[in-house]
Amino acid sequence: MYKILKAEKLAANIYLMDVKAPRVAEYCQPGQFVIVKMDEKGERIPLTICDYDREAGTITIVFQPVGASTTKMTSLKAGDSFRDFTGPLGCPSELVEEDLETLKQKKILFVGGGVGAAPVYPQVKWMKEHGIDVDVIIGAKTKDLLILEEEMEAAAGNYYPCTDDGSYGHAGMVTSKIEQLVEEGNHYDVCVAIGPMIMMKFACLTTKKLGIPTIVSMNPIMVDGTGMCGACRVRVGDEIKFACVDGPEFDGHLVDFDQAMKRQQMYKTQEGRAMLKLQEGDTHHGGCGHCGGDN
Amino acid sequence: MADMMKRVPVREQDPKVRATNFEEVCYGYNQEEAVTEAARCLNCKNAKCIQGCPVSINIPGFISKVKDGDIEGAYEVIGESSALPAICGRVCPQESQCESKCIRGIKGDAISIGKLERFVADYALENDIKPKKAEETNGKKVAVIGSGPSGLTCAGDLAKLGYEVTVFEALHELGGVLVYGIPEFRLPKQKVVKKEIEKVKELGVKFETNVVIGKSITIDQLMEEEDFQAVFIGSGAGLPMFMGIPGETANGVFSANEYLTRSNLMKAFDDSYDTPIVAGKKVAVVGGGNVAMDAARTALRLGAEVHIVYRRSEAELPARAEEVHHAKEEGIIFDLLTNPKEILVDEDGWVKGMKVIKMELGEPDASGRRRPVEIEGSEYEIELDTVIMSLGTSPNPLIASTTKGLETNRRKCIVADEENGQTSKAAVFAGGDAVTGAATVILAMGAGKAGAKGIHELLSQK
């Protein structure tokens, strides 16, 4: 069992937890992910590592409820436990593996969308710890949905919050902020964009136009997370890659986002059905037009 | 008097009924049936059957105990060679191993060794008969990577010799392919796998789940930081292969590994579990091995019409004859001498069919089997909503790529000595599918035994 030391609601529908998992915390690196399983009957959920404390043996995760298992996870409190917590999985971020002196010469832009701020954070923090100031754009629909602001402000060289509704920071999408920064004369050698698939797709279209090499972190459907099932296969250029072992980071200008988004929809009907069952319990007997009842 | 030439038939669930449930197909022998079958054994002095067993179980020895009604004694005899008899009694290809050597089999039916083994093992599980454990530990620590058949066997053998063994498992359940790969209806998880692993625990073996060696910690770190004096790698062959044909990334195309993992490990067939599975209405399973049969029979039980699409003929099907027979009985349709060319995809990205081509058999190839050749102009389309690719697996590179000095071959398999499991790295041993590529449970167990022997030889010198 893996004990939850802290459970916090960061924004409407966004949750943060610190979990005791010494074996994961000991050697994990920015860019890697974990798989959590809440209880006996839960799904294996891949979540990017948001922060880690090697001394305390803890991992910070941030998640949004999207299916039955993640919705149940929102009810967990400090003192509760996850049945399973595996990792670190996937490859560390390309940038943290690079030669430090070469890296220091580079101007790096991080772009996070929504809950994607969470996986961006450990990379930004790592850069700060290694004496590298980076620019960070974080976008959300509205001010209340911006997360990890304090942390980001402390770790980034320049921090640019954006809101779609203009309630805070730059008014507009992250893509318009990228364009604005470049127009203002900023030059970037590399961009790291992490967030919902649709945001990564458009961020990549923008950076491609601007000629900025871009790394994205894919979050496809997974089961085991160790290369066994192939559910997470992603088309990158001419090749089929497994996000869990070959990624999760890939060259964003080569990823086939349209196909990735279609694959993301694969279990939508079943998930909807499981959610209804969860919300309505025994009172749900079909008739919703989606599920055909519980049979 | 029973006909000594004929084996006692085994009771099975009716095919029509079992096609709709996940209960075990074969009921196994009861004691009366087992004793009758055991009486057919000739108790050969020079028992050929033992030579046919990869772990050299004293087969006539345990069978004669069964004949005398001493089932506990029979379990003890098996226990000298195998830690997992309830599993092997169910999934071993006995017909091509021990039973193929049986002298009774020359003129009549071979002794039903597998079913007798299963009876003895089930009796031991039901009556909670404890295995014999070491009297005291020798204080030497050994790490075993993977809790599949090779790892469990290696761990069990070493624990009996007094070693302090820890098994590291990447997934959240113990058993490796026994829990993620082989379906419930062939190998019940709670009733058989879990209980048989409990017996290995009773020998003193420790288990740690959710540890991915190569990611959570490396082999070098295990030896340097956690004082393990030897390591056995039994990490299996988990990486699925695809065909590389157009449409393979469409929604509704799965590897057999994914499909089976969802159903077996995550129990997606049971509505009370959260993990979803696409049941499919019309499913094609591409391939002809045991895994293909398992995937096909799983899809059938989830309510689909299922076709096995295989490029050679029935004679070349790599699956066990019993599995093919069961699949046919249940209503699986075999499209033989047929090979996929392209998966057809609708505008939403879902499978809508498959373009296939008819094949004929030409000259034998390197494997000795006649090579399938396309018949020009014979392409046609079949309507489908789900395709399951069951083309084999290769070893996961996670461990090889993170362990300095561990040699692998062209097929990414770890190079290890067949006799003792020794790899190119000192104090590191390996066996099972990680070394051979995808094979059988019992061959992996044989390799686990060899590895235990190798480790004991090394560490008892120290």
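Model, not experiment: these values are computed from the prediction.

Caption draft 1: Local environment of the overall build of chain B. Secondary structure assignment for chain B yields 18 helices and 16 strands. Rg of the C-alpha trace for chain B: 23 Å, near the compact-globule value of 23 Å for 462 residues, within the 12% margin. A principal-axis box enclosing the C-alpha atoms of chain B has dimensions of 65 × 65 × 50 Å. A buried classification covers 59% of the 462 residues belonging to chain B. Contacts in chain B between residues at least 24 apart in sequence constitute 69% of all its contacts with a sequence separation of at least 6. On chain B, roughly 18,500 Å² of surface is accessible, and the fraction owed to carbon and sulfur atoms is 49%. Put simply, chain B has 56 plus and 69 minus side-chain charges, and the middle of one group is 4 Å from the middle of the other.

Caption draft 2: Focus on the overall build of chain A. A tally of regular secondary structure across chain A gives ten helices and 16 strands. A compact globule built from 295 residues should have a C-alpha radius of gyration of about 19 Å, and chain A, at 19 Å, falls within 12% of that. Expressed as lengths along the three principal axes of its C-alpha atoms, the size of chain A is roughly 60 × 45 × 40 Å. Looking at chain A as a whole, 54% of its 295 residues qualify as buried. Once local pairs closer than 6 in sequence are excluded, the contacts in chain A between residues at least 24 apart make up 63%. For chain A, the accessible area works out to roughly 12,300 Å², and carbon and sulfur atoms hold 49% of it. Each charge sign in chain A was given a centre, from 31 positive and 42 negative side chains, and these centres are 6 Å apart.

Caption draft 3: Main features of the sheet that holds strand β5 (residues 58–63) of chain A. Residue and element names in this part refer to chain A. Across the sheet, seven strands lie side by side as β6-β1-β2-β5-β4-β3-β7; this open sheet has antiparallel pairing. Bordering the open sheet on either side are β6 (81–82) and β7 (84–89), each of which pairs with just one other strand. Pairing between strand β2 (residues 14–20) and β5: six bridges, direction antiparallel. Along β5, the bridge assignment pairs Val19 with Ile59. Docked against the sheet, helix α4 (residues 117–129) engages β4 (45–53) and β5, running at close to 30° with respect to β4.

Caption draft 4: Representation of the packing of aromatic side chains in the model. Residue and element names in this part refer to chain B. Evaluated as defined, the whole model comprises nine aromatic pairs over all chains. Geometrically, the ring pair formed by Phe119 and Tyr123 is tilted, given 6.5 Å between the ring centres and 45° between the ring planes. With Phe119 and Tyr123 both in helix α8 (residues 113–126) and four residues apart, the pair spans about one turn of that helix. With relative accessibility at 8%, the residue Phe119 sits in the buried group.

Caption draft 5: Summary view of the interface of chain A and chain B. Listed by partner, the interface residues are 44 residues for chain A and 48 residues for chain B. Buried area between chain A and chain B, both sides added, is near 3,900 Å², and the carbon and sulfur share of it is 49%. At the junction of chain A and chain B, the tally comes to four salt bridges. Here B:Glu173 ties to A:Arg83 by a salt bridge, and the two come within 3.1 Å at their closest N and O atoms.

Caption draft 6: The arrangement of the sheet that holds strand β11 (residues 170–171) of chain A in detail. Residues and elements named next belong to chain A. Strands sit in the order β11-β10-β9-β8-β12-β13-β16 across an open sheet of seven strands; the sheet is mixed. For this open sheet the edge positions go to β11 and β16 (249–251), each flanked by a neighbour on one side alone. Note that strand β8 (residues 108–113) and strand β12 (residues 190–194) share five bridges and pair parallel. Paired with Leu109 across the two strands is Cys191, which belongs to β12. The sheet contacts of α4 involve β8, β9 (135–140), β12 and β16, and relative to β8 the element is tilted by about 155°.

Caption draft 7: Fine view of helix α9 (residues 149–160) of chain B. Residues and elements named next belong to chain B. Its twelve residues give α9 an end-to-end C-alpha distance of 17 Å, which sits within 8% of 16 Å, the value for a rise of 1.5 Å per residue. A large share of α9 lies buried, amounting to eleven of its twelve residues. Those residues of α9 lying buried are Pro149, Ser150, Gly151, Leu152, Thr153, Cys154, Ala155, Gly156, Asp157, Leu158 and Ala159.

Caption draft 8: Spatial organisation of helix α5 (residues 71–79) of chain B. When we look at burial in α5(B), the residues that qualify are B:Ile71, B:Gly73, B:Ala74, B:Tyr75, B:Val77 and B:Ile78. Looking at the packing, one finds that the buried side of α5(B) touches α2 (31–38), α4 (59–67), α6 (85–91), α8 and α11 (189–202) of chain B.

Caption draft 9: Broad picture of the confidence of the model for chain B. The share of residues in chain B with pLDDT of 70 or more is 99%, and the mean pLDDT across the chain is 93. Among the prediction metrics, the complex's ipTM stands at 0.88, with pTM recorded as 0.90.

Caption draft 10: Just the environment of B:Cys102, in detail. Residue and element names in this part refer to chain B. Structurally, Cys102 is set in the loop between α6 and α7 (104–107). Judged by its relative accessible area of 12%, Cys102 falls in the buried class. Taking the C-alpha atoms as reference, Cys102 lies 8.9 Å from Cys41; in sequence the two are 61 residues apart. Not counting residues within four places of it along the chain, the set of residues in contact with Cys102 comprises Ala110 and Ile111.

Caption draft 11: Looking closely at the pattern of salt bridges. Residue and element names in this part refer to chain B. Considering all chains together, one arrives at 43 salt bridges over all chains under this definition. One salt bridge connects Arg118 with Asp122, and the closest N-O pair in it is separated by 3.5 Å. With Arg118 and Asp122 both in helix α8 and four residues apart, the pair spans about one turn of that helix. By relative accessible area, which is 13% here, Asp122 ends up buried. With a closest N to O distance of 2.9 Å, Arg186 and Asp294 form a salt bridge.

Caption draft 12: Region of interest: the packing of α9(B) against helix α18 (residues 441–461) of chain B. Residue and element names in this part refer to chain B. In contact at an axis separation of 7 Å, α9 and α18 are set at 35° when each is read in the N-to-C sense. Crossing of α9 over α18 shows right-handed handedness. Of the residues in α18, those in contact with Pro149, Ser150, Thr153, Cys154, Asp157 and Leu158 of α9 are Val441, Ala444, Met445, Gly448, Lys449, Gly451, Ala452, Ile455 and His456. Its residues placed into classes, the contact of α9 with α18 shows eight nonpolar, five polar and two charged.

Caption draft 13: Layout of the environment of B:Ile219. Residues and elements named next belong to chain B. Topologically, Ile219 is positioned in helix α12 (residues 219–225). Exposure remark for Ile219: the relative accessible area of 0% places this residue in the buried category. For the pair Ile219 and Ala400, spaced 181 residues apart in the sequence, the C-alpha separation amounts to 9.8 Å. When neighbours within four sequence positions are excluded, Ile219 is seen to be in contact with Ile145, Ile213, Val231, Ile233, Ile399, Thr403 and Val428.

Caption draft 14: How the structure looks around the pairing of strand β10 (residues 338–345) of chain B. Residue and element names in this part refer to chain B. Looking at chain direction, β10 and strand β11 (residues 351–364) are connected through seven bridges and run antiparallel. Residue Val345 lies in a different strand from β11, and its bridge partner there is Val351. Hairpin connection of β10 to β11: five residues between the antiparallel strands, including Gly349 at a positive phi of 90°.

Caption draft 15: Representation of the side chain of B:Arg90 within the structure. All names here are of chain B. For Arg90, the location among the structural elements is in helix α6. Residue classification places Arg90 among the buried residues on the basis of a relative accessible area of 7%. For Arg90, the side chain forms a polar contact with the side chain of Glu24, separated by 2.7 Å. Ignoring sequence-local partners within four residues, the contact set of Arg90 consists of Glu24, Arg118, Asp122, Arg186, Leu187, Pro188, Lys191, Val192 and Arg320.

Caption draft 16: Inspection of unusual backbone geometry at higher detail. Going from A:Gly87 to A:Pro88, the amide bond is cis rather than trans, its omega being -5°. Looking at the element boundaries, A:Pro88 is found in strand β7. Following A:Gly247, the chain continues to A:Pro248 via a peptide bond in cis, the omega torsion being 10°. Inspection of the secondary structure assignment puts A:Pro248 in the loop between α8 (243–246) and β16. Here A:Leu148, not a glycine, exhibits a phi torsion of approximately 55°, which is positive. Locating A:Leu148 in the fold gives a position in the loop between β9 and α5 (149–155). In the Ramachandran plot, B:Leu337 falls in the positive-phi region, its phi being about 50° despite a non-glycine side chain. In this structure, B:Leu337 sits in the loop between β9 (333–335) and β10. Residue class for B:Leu337 comes out partly exposed when judged on its relative accessible area of 23%.

About the cut-offs
Residues numbered from 1 in each chain as written. Chains lettered and ligands numbered in written order. Predicted model: local features only at pLDDT ≥ 70, side-chain atom pairs only at ≥ 80, totals over all residues. Heavy atoms only, no water. Helix = DSSP H or I, 4+ residues; strand = E, 2+ residues; numbered from the N terminus. Rg over C-alpha atoms; globule rule 2.2 N^0.38 Å. Buried < 20%, exposed > 50% of the residue type's maximum accessible area, 1.4 Å probe, protein only. Contact = heavy atoms within 4.5 Å. Areas by Shrake-Rupley, 256 points an atom, 1.4 Å probe, with all protein chains shown as cover. Lys, Arg positive; Asp, Glu negative; His and termini not counted. Charge placed at Lys NZ, Arg CZ, Asp CG, Glu CD. Pairing = 2+ DSSP bridges. Axes fitted to C-alpha atoms, helices over the stretch in contact; angles between N-to-C directions. Phe/Tyr/Trp six-rings, centres within 6.5 Å; stacked < 30°, edge-to-face > 60°. Buried area = accessible area lost by both parts, 1.4 Å probe. Salt bridge = Lys/Arg side-chain N within 4 Å of Asp/Glu carboxyl O. Expected span 1.5 Å × (residues − 1). pLDDT = per-residue confidence, 0-100. Left-handed = near helix turned anticlockwise from the far one by under 90°. Nonpolar A, V, L, I, M, F, W, Y, C, P; charged D, E, K, R; others polar. Polar contact = N/O pair within 3.5 Å; in protein donor to acceptor, adjacent residues only side chain to side chain.

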